[in-house]
Amino acid sequence: MDILLSTSVWDPKEWIEGLDISDQVGEIHAWPTDKDLSNVEALFVWKPLAEGVVKRLPKLKWISSLGAGVDHLVTDPQIPKNIPITRIVDPNLTADMANYVMMGVIMYQRRFLELQENQQKKHWERLAYKKLKVGVMGLGVLGGHLAKQLYSAGFEVAGYSRTQKQIEGVTCYDENHLNAFLSELDVLVNLLPITPKTVGMLNYDLLRKTPKGCYLINVARGNHLVDNDLLKLLDENHLSGALLDVFHQEPLPREHPFWTHEKVMVTPHVASVTSPESALNLLKENLQRLIDGKELLHQVDKEIGY
Ligand code: NAP
Ligand code: GLV
């Protein structure tokens, strides 16, 4: 069996060395390549997949995203419906996401940017801070862990997901109770996947349902957010600010108003980055499962889209 790796982000070498686990693994190719790909059974992708790749893989049996998100794969028309798609679920990815969001929440709560400005002015002032209620949209692998961490750190926590969840210390709402979830939040964190239902979900109507002064953290995908609606709500002083890690277009174009908006913090899609060393454990486990004819771990449900 051959493997094909398609990634514009990582040096394929790191992955290729780590994947050579079995005498049943033949060649490991990196896209783009002119070589014969007719023996490729596993395709690992971070993103997007070039048009026409799948046509060159007549024996393809499995596709894995090299990240937690699969939006670049579930909507790709060249991928046949019967090919399972898996994604990365990895303890380091999960911990990194919680740490990033906790950093954002705590910086906001403790007014860190104001403290920094005061330092520039050599101004000594002990700024007051209050207890916050944080709402997490998406209680999956990342959002569920984040909600628990926030609760352990002493925050009041609410969570929102498609189906009802039970998480100790977290007031959980299902998709029929969005307004109740939004109504008392100081901070709204988005950790939903992109699906036809969630694209554009962070729009004026939804964000306006949060209490005045709410702070937004978007770490899921840029196309959850309607950028102009956020700008409007910031200008109207309904939202107090936003920490954004993901964008419609990445890198964020230099002329985009988010770069210079005084109430917006921008980071370059770094909230939680797959580490090949760590993610290879799962890929190798799934590779062995493929070889043994066993069910693959962390498969995407193509019907619901994540
Ligand atoms: P996941 O385990 O699939 O969890 C998704 C959660 O969203 C589930 O709780 C699901 O509800 C909920 N959900 C889906 N559709 C919904 C809807 N229409 N209404 C309400 N809730 C809905 O995903 P994950 O691993 O936590 O990852 C979440 C996303 O984070 C990824 O898709 C990716 O886009 C993003 N991400 C970003 C970075 C970064 O560096 N910025 C890194 C990694 C991942 P149910 O549980 O009821 O199904
Ligand atoms: C990163 O955005 C991921 O989906 O892993």
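This section reports on the structure supplied with the text. Owing to the predicted nature of the structure, the values given are computational and were not obtained by experimental measurement.

**A closer look at the pairing of strand S4 (residues 62–65)**
So, point 1. Of the two faces of S4, the one holding Trp62 and Ser64 and the one holding Ile63 and Ser65 are both buried throughout.
So, point 2. In this structure, strand S3 (residues 40–46) lies alongside S4, joined through four bridges in parallel fashion. Within S4, the position partnered with Leu43 by the bridge is Ile63.
So, point 3. Bridge analysis of S4 against strand S5 (residues 85–86) gives two bridges, and the strand direction is parallel. Looking at S5, one finds that Ile63 is bridged to Ile85.

**Things to note about helix H5 (residues 141–152)**
One full turn of an α-helix is made of 3.6 residues, so residues set three or four places apart face in the same direction.
So, point 1. Taking 1.5 Å of rise per residue, 12 residues should cover 16 Å, and H5 covers 17 Å from first to last C-alpha, within 8% of that figure.
So, point 2. The complete set of buried residues in H5 reads Leu142, Gly143, Gly144, Leu146, Ala147 and Leu150.
So, point 3. For H5, the elements touching its buried residues are helix H3 (91–109), strand S6 (133–137), strand S7 (156–160), strand S8 (170–173) and strand S9 (187–190).
So, point 4. Trailing H5 by a residue or two, Gly154 shows a phi angle of about 100°, which is positive.

**Re the site of ligand 1**
So, point 1. Near ligand 1, the surroundings consist of 29 residues, among which Arg87, Thr163, Lys165, Val219 and Tyr306 are the closest.
So, point 2. In the environment of ligand 1, an oxygen atom lies 2.5 Å from a nitrogen or oxygen atom belonging to the side chain of Thr163.
So, point 3. Taking Val219, its main chain carries an N or O atom lying 2.8 Å from a nitrogen atom of ligand 1.
So, point 4. A total of 950 Å² of accessible area belongs to ligand 1 in isolation, and the protein chains cover 93% of it.
So, point 5. In terms of residue count, the dominant contributor to the shell around ligand 1 is H5 (three residues).
So, point 6. Residues that form the shell around ligand 1 fall into these classes: 14 nonpolar, nine polar and six charged.

Cut-off values and rules
Residues numbered from 1 in each chain as written. Chains lettered and ligands numbered in written order. Predicted model: local features only at pLDDT ≥ 70, side-chain atom pairs only at ≥ 80, totals over all residues. Heavy atoms only, no water. Buried < 20%, exposed > 50% of the residue type's maximum accessible area, 1.4 Å probe, protein only. Helix = DSSP H or I, 4+ residues; strand = E, 2+ residues; numbered from the N terminus. Pairing = 2+ DSSP bridges. Expected span 1.5 Å × (residues − 1). Contact = heavy atoms within 4.5 Å. Near = heavy atom within 4 Å. Polar contact = N/O pair within 3.5 Å; in protein donor to acceptor, adjacent residues only side chain to side chain. Areas by Shrake-Rupley, 256 points an atom, 1.4 Å probe, with all protein chains shown as cover. Nonpolar A, V, L, I, M, F, W, Y, C, P; charged D, E, K, R; others polar.

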